[in-house]
Amino acid sequence: MSSEPAEGLRPVLAGMKALVTGIANEHSIAYGCAKAFRELGADLAITYASEKAKPYVEPLASELGAELLLPLDVGDAAQLQSVFGQIGQRWGRLDILLHSIAWAPKDDLHGGLLHCSSEGFARAMDISCHSFVRMAALAAPLMDQGGTLLTMSYYGANKVVPNYSVMGPVKAALEACTRYLAYELGPKGIRVHAISPGPLKTRAASGLKDFDLLLNEAVERAPLGELVDIMDVGYTCAFLATPYARRVSGETLYVDGGVNIMA
Ligand SMILES: NC(=O)c1ccc[n+]([C@@H]2O[C@H](COP(=O)([O-])OP(=O)(O)OC[C@H]3O[C@@H](n4cnc5c(N)ncnc54)[C@H](O)[C@@H]3O)[C@@H](O)[C@H]2O)c1
């Protein structure tokens, strides 16, 4: 793939190095983000969560001309170290990190928060939230010219969304981590953002009970009258990584057609 931006777009991320985690398939939010970064000129490193996932991610990585394709299960500390080690070797630096990862044990997710086990709660928190903190710690030394860290939250962090269950408190913690990381990394010129997309039909979303109801409700309530797609999220992330957003940090930015402003 050429490094030319899509027609009409200026290559505002040209020369930037971006690590994208969380692509499972072409419906993944992270794929929309990788595509937007690439269209705007960034070079990509892409990870896949397991050998089972690799055949789905590999063609997307090659379509986007990714320079690195690496295995990463965030529960595996050695793999996480290795990803950042290889980025250091290849690029010597990193400008953009996208964390687009969430997971909770099915029984704990479906049983409601009241019945979520202590172990399930801890695992959901570790994979979906603390992994962002671990990544930030490894990314920061590679961002000595500053950089942008991005993670994916959801409306259920702040308001009760039936069936979102344990993921509500987990996303609330993720948004709080975003603020504290923004505070601690601000002096290094590293900006940290949480994005809160409206509901999107992805593999992760298919694990939520009655997800179609959420989609219908989102269309009905959105001032803009439409569901968001993965490129809407991708372009917002790309914008946050540009110098045009250079004084924005620690926020949770909704990309939901305006649903969150409604009573
Ligand atoms: N789909 C939605 O409606 C929606 C809305 C708001 C926020 N989000 C958030 O967006 C993010 C991406 O989800 P998505 O909807 O694109 O679904 P997705 O299933 O495409 O992506 C989830 C990703 O998490 C990865 N993952 C899970 N456990 C992992 C582990 N141990 N190590 C490494 N990777 C692991 C999966 O491999 C997958 O790539 C998640 O944080 C999700 O909570 C989704």
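About the cut-offs
Residues numbered from 1 in each chain as written. Predicted model: local features only at pLDDT ≥ 70, side-chain atom pairs only at ≥ 80, totals over all residues. Heavy atoms only, no water. Pairing = 2+ DSSP bridges. Helix = DSSP H or I, 4+ residues; strand = E, 2+ residues; numbered from the N terminus. Axes fitted to C-alpha atoms, helices over the stretch in contact; angles between N-to-C directions. Contact = heavy atoms within 4.5 Å. UniProt positions renumbered as here; feature names shortened; annotations may be inferred. Buried < 20%, exposed > 50% of the residue type's maximum accessible area, 1.4 Å probe, protein only. Near = heavy atom within 4 Å. Polar contact = N/O pair within 3.5 Å; in protein donor to acceptor, adjacent residues only side chain to side chain. Salt bridge = Lys/Arg side-chain N within 4 Å of Asp/Glu carboxyl O.

### Considering the sheet that holds strand β2 (residues 43–48)
Pairing is parallel across the open sheet formed by 7 strands, whose spatial order is β3-β2-β1-β4-β5-β6-β7. With partners counted over all chains shown, the strands left at the sheet margins are β3 (68–71) and β7 (252–255), one partner each. Shown here is a sheet whose adjacent strand axes are inclined to one another by a mean of 20 degrees, direction ignored. As judged from the 4 bridges shared by strand β6 (residues 190–197) and β7, these two strands associate in the parallel manner. Residue P197 lies in a different strand from β7, and its bridge partner there is V255. Contacting β4 (96–99), β5 (147–152) and β6, helix α5 (residues 118–139) runs over the sheet at an angle of about 165 degrees to β4.

### Points about the UniProt feature "active site" (unreviewed entry) in the protein chain
When the UniProt feature table is mapped onto this chain numbering, "active site" (unreviewed entry) sits at Y154 and Y164. Tracing the chain through its elements places Y154 in the loop between β5 and α6 (167–185). Taking relative accessible area as the criterion, Y154 reaches 11% and is therefore assigned buried. Not counting the four nearest positions on each side in its chain, Y154 is found in contact with V161, Y164, K171, E175, S196, P197, P199 and L214. One can find Y164 in the loop between β5 and α6. With residues near it in sequence (within four places) discarded, Y164 still touches L109, Y154, G156, K171 and L208.

### Structural notes on the site of the ligand
If you check the shell around the ligand, you find 27 residues, and the closest are G22, S28, S153, L200 and T202. Contact between the ligand and S28: an oxygen atom at 2.6 Å from a side-chain N or O atom of the residue. T202 places a polar side-chain atom, nitrogen or oxygen, 2.5 Å from an oxygen atom of the ligand. With 3 residues, helix α7 (residues 203–206) is the largest single contributor of residues to the shell around the ligand.

### Let's talk about the pattern of salt bridges
One pass over the full model with this rule turns up 6 salt bridges. For D43, the salt bridge goes to R38, with nearest N and O atoms at 3.4 Å. Owing to a relative accessible area of 6%, R38 belongs among the buried residues under this scheme. Between R93 and D95 there is a salt bridge; the shortest N-O distance is 2.9 Å. A residue is classified by how much of its surface remains accessible, and R93, at 27% relative accessible area, is partly exposed. For D95, a relative accessible area of 11% corresponds to the buried category. It is possible to trace a salt-bridge network through shared partners that takes in K17, R38 and D43.

### Some remarks on the UniProt feature "binding site: substrate" (unreviewed entry) in the protein chain
According to UniProt, the positions carrying the feature "binding site: substrate" (unreviewed entry) are A104. Secondary-structure assignment places A104 in the loop between β4 and α4 (106–110). Under the relative-accessibility criterion, A104 is labelled buried at 12%. Residue contacts for A104: discarding those within four places in its chain leaves L109, A124, V166 and M167.

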